[in-house]
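In case you want the letters, here they are:
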Amino acid sequence: MSERSIEARKKQLMKMFQRVIDPLGYKFNPDNELVDFIMEQEVKLEREAGAPFCPCQALPERREDRMKLVCPCIPYHRKHFDAMKACWCQLYVHKDITDTSQLEQIPITELE
Amino acid sequence: MNAGGVNLKENNKWVSVSVSSEFSDGSMKVVSVGDQRILLIQVQGKIYGIENTCIHMNCPMHRGLLEGYTIKCPCHDWEFDIRTGEHLMADELKIPVFECKIDENDVLIKMEG
Amino acid sequence: MAKIVMYTLSTCPWCKKAKTFFEENDITFESIDYDLEDKESQKEIITKMKELGGTTATPFVIIDDIVIVGYRPKEYAKALNLGDGSE
Ligand code: SF4
Ligand code: FES
């Protein structure tokens with residue numbers, strides 16, 4: 001996979017995902033380096049595993065479970081991510097977030 | 001007039017895209033109007049129209065699975081209500097829908113603008 | 001000394017940060033990149049994660065019998081009695 005084709009696919013995915021996250025109240029993390037790293041992982045996962053799966057959650061075997069971990073997985077983890085004001089990977093953050101250093105990963109079990 | 005291989009009988013904004021004899025419950029058919037691809041689906045005698053493109057990653061919805069009023073995208077299983085176009089888990093996410101009706105034998109779609 | 005096992009992914013930025021935290025504090029740990037394991041071990045790991053933490057989110061850190069899911073330096077420090085954990 002050439003560097004160029006990774007970059008091109010990254011851009012395509014980001015354009016499609018922007019369309020999904022916007023109505024849900026999220027934006028891409030202002031930390032470009034983090035976004036860049038995560039998107040690159042997703043492009044690689046897409047080539048290897050067939051879909052841009054989450055790079056931060058272990059992929060189970062069953063299709064039904066895996067499909068809930070295709071990015072953006074926000075619809076399936078709405079309450080959890082809304083409480084953290086970010087998705088688990090922090091690829092996406094709530095639109096009002098400017099200082100990402102206040103964000104923290106909190107497992108769903110602690111929020112229930 | 002011809003748009004994307006479909007005979008248009010324009011009636012205000014209503015556009016004729018198919019004939020009702022081609023439909024029975026559960027049948028799906030993709031039609032083109034201008035540059036739009038629209039998926040027509042009949043459920044309980046009524047025809048519904050949604051854009052044939054998934055809002056997630058643009059997969060064609062006509063290969064998806066229909067169950068009741070729910071269509072499941074073939075690519076990553078996102079589920080939408082064909083009556084509203086809404087994602088079942090997040091109603092802010094919508095596939096555009098088109099009002100449809102049957103006039104005599106014609107299936108008509110209401111096109112905006 | 002505490003026994004530390006970490007389930008991680010080679011693709012996950014927060015897992016890298018978690019590893020760095022333990023390295024910088026000179027704490028020995030074992031980390032297992034789930035995505036690089038074979039199918040059989042993956043199944044075992046998933047079962048274990050669900051059982052212990054009810055999630056498959058990573059990093060999944062086990063310090064003795066304390067489970068800490070996520071990159072949470074303050075929680076790691078607390079579990080290890082390292083003071084306030086500020087970096
Ligand atoms: S946690 Fe974030 S990066 Fe991971 S799949 Fe969900 S939305 Fe995408
Ligand atoms: S393209 Fe439809 S669910 Fe992904």
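Residues numbered from 1 in each chain as written. Chains lettered and ligands numbered in written order. Predicted model: local features only at pLDDT ≥ 70, side-chain atom pairs only at ≥ 80, totals over all residues. Heavy atoms only, no water.

Participant: Go over the interface of chain A and chain C with me, naming the residues and quoting the values.
Facilitator: Taken together, the contact pairs 20 residues of chain A with 20 residues of chain C. Both sides together, the interface formed by chain A and chain C hides about 1,700 Å², and carbon and sulfur atoms give 58% of it. The largest share of the area that chain A buries against chain C comes from Ala58, Glu61 and Gln105 of chain A, three residues that together contribute 28% of it. The tally of links from chain A across to chain C stands at three salt bridges. A salt bridge links Arg72 of chain C to Glu110 of chain A, with the nearest nitrogen and oxygen atoms 2.8 Å apart. Viewed at the interface, chain C and chain A are joined by 10 residue pairs in polar contact (both at pLDDT 80 or more). When residues of the side of chain A that touches chain C are traced back to their parent elements, those giving at least two are α2 (32-49) and α5 (108-111) of chain A. (Contact = heavy atoms within 4.5 Å. Buried area = accessible area lost by both parts, 1.4 Å probe. Salt bridge = Lys/Arg side-chain N within 4 Å of Asp/Glu carboxyl O. Polar contact = N/O pair within 3.5 Å; in protein donor to acceptor, adjacent residues only side chain to side chain. Helix = DSSP H or I, 4+ residues; strand = E, 2+ residues; numbered from the N terminus.)

Participant: Pulling in residues and values, what's your account of the packing of aromatic side chains?
Facilitator: Residues and elements named next belong to chain B. By the definition in use, this model includes nine aromatic pairs over all chains. Ring centres of Tyr48 and Tyr69 lie 5.8 Å apart, and the angle between their planes is 85°; on these two criteria the pair is classed as edge-to-face. You can see Tyr48 sitting in strand β6 (residues 46-51) and its partner Tyr69 sitting in the loop between β7 (65-67) and β8 (70-72), a full 21 residues away along the chain. A cation over a ring is seen here: Lys46 above Tyr48, with NZ or CZ 5.0 Å from the ring centre. (Phe/Tyr/Trp six-rings, centres within 6.5 Å; stacked < 30°, edge-to-face > 60°. Lys NZ or Arg CZ within 6 Å of the ring centre and 35° of its normal.)

Participant: Describe helix α1 (residues 13-24) of chain C, listing the residues and the values that go with them.
Facilitator: Under the 1.5 Å per step criterion, the end-to-end length of α1 of chain C is 17 Å for 12 residues, consistent within 8% with the ideal 16 Å. Buried residues along α1 of chain C sit in contact with α2 of chain A together with β1 (4-8), β2 (30-33), β3 (60-63) and α3 (73-79) of chain C. Just past α1 of chain C, the residue Asp26 of chain C takes up positive phi, approximately 55°. (Expected span 1.5 Å × (residues − 1).)

Participant: Describe the sheet that holds strand β4 (residues 28-33) of chain B, listing the residues and the values that go with them.
Facilitator: All names here are of chain B. Taken in spatial order, the four strands line up as β4-β5-β6-β10 in an open sheet, and their pairing is antiparallel. Each edge of the open sheet is held by one strand with a lone partner, namely β4 and β10 (97-98). Bridge analysis of β6 against β10 gives two bridges, and the strand direction is antiparallel. Among the inter-strand pairings, Ile50 is bridged to a residue of β10, identified as Val97. (Pairing = 2+ DSSP bridges.)

Participant: Can you break down the pairing of β6 of chain B residue by residue, with the values?
Facilitator: Residues and elements named next belong to chain B. Judged by how many residues are buried, β6 sits mostly within the fold: five of six residues are covered. In terms of strand pairing, strand β5 (residues 36-43) meets β6 through six bridges, oriented antiparallel. Across the sheet, residue Ile38 finds its bridge partner in β6, namely Glu51. The turn linking β5 back onto β6 is made up of two residues, and Gln44 within it adopts a positive phi angle of 45°. (Buried < 20%, exposed > 50% of the residue type's maximum accessible area, 1.4 Å probe, protein only.)

Participant: Mind laying out the pairing of strand β4 (residues 66-69) of chain C, listing which residues take part and the relevant values?
Facilitator: Regular strands place side chains that alternate from one sheet face to the opposite one. Residue and element names in this part refer to chain C. Judged from the four bridges that link them, β3 and β4 form a sheet pairing that is antiparallel. Within β4, the position partnered with Ile63 by the bridge is Ile66. Joining the antiparallel neighbours β3 and β4 is a turn of two residues, in which Asp64 adopts a positive phi near 50°.

Participant: Would you mind going over the interface of chain B and chain A in detail, with residue names and values included?
Facilitator: The interface is formed by 15 residues belonging to chain B together with 19 residues belonging to chain A. The interface formed by chain B and chain A includes two salt bridges. With a closest N to O distance of 2.5 Å, Arg63 of chain A and Asp77 of chain B form a salt bridge. Summed over the shared surface of chain B and chain A, the number is seven residue pairs in polar contact (both at pLDDT 80 or more).

Participant: Residue-level account of the state of the cysteines, with values.
Facilitator: Scanning the entire structure with this criterion turns up three disulfides over all chains. Disulfide partner of Cys56 of chain A: Cys89 of chain A, at an S-S distance of 1.8 Å. On the S-S bond that ties Cys56 of chain A to Cys89 of chain A, the torsion sits near 90°, and the link is right-handed. With Cys56 of chain A in the loop between α2 and α3 (63-66) and Cys89 of chain A in the loop between α4 (78-84) and β2 (92-94), this residue pair connects regions lying 33 residues apart in the sequence. Accessibility classification places Cys56 of chain A together with Cys89 of chain A in one group, the buried group. Linked covalently through their sulfurs, Cys12 of chain C and Cys15 of chain C form a disulfide whose S-S length is 2.5 Å. Taking the sign of the S-S torsion, about 90° here, the bridge from Cys12 of chain C to Cys15 of chain C comes out right-handed. No disulfide involves Cys100 of chain B; its sulfur sits 19 Å from that of Cys54 of chain B, the nearest cysteine. Its relative accessible area of 9% is what places Cys100 of chain B among the buried residues. (Disulfide = S-S within 2.5 Å.)

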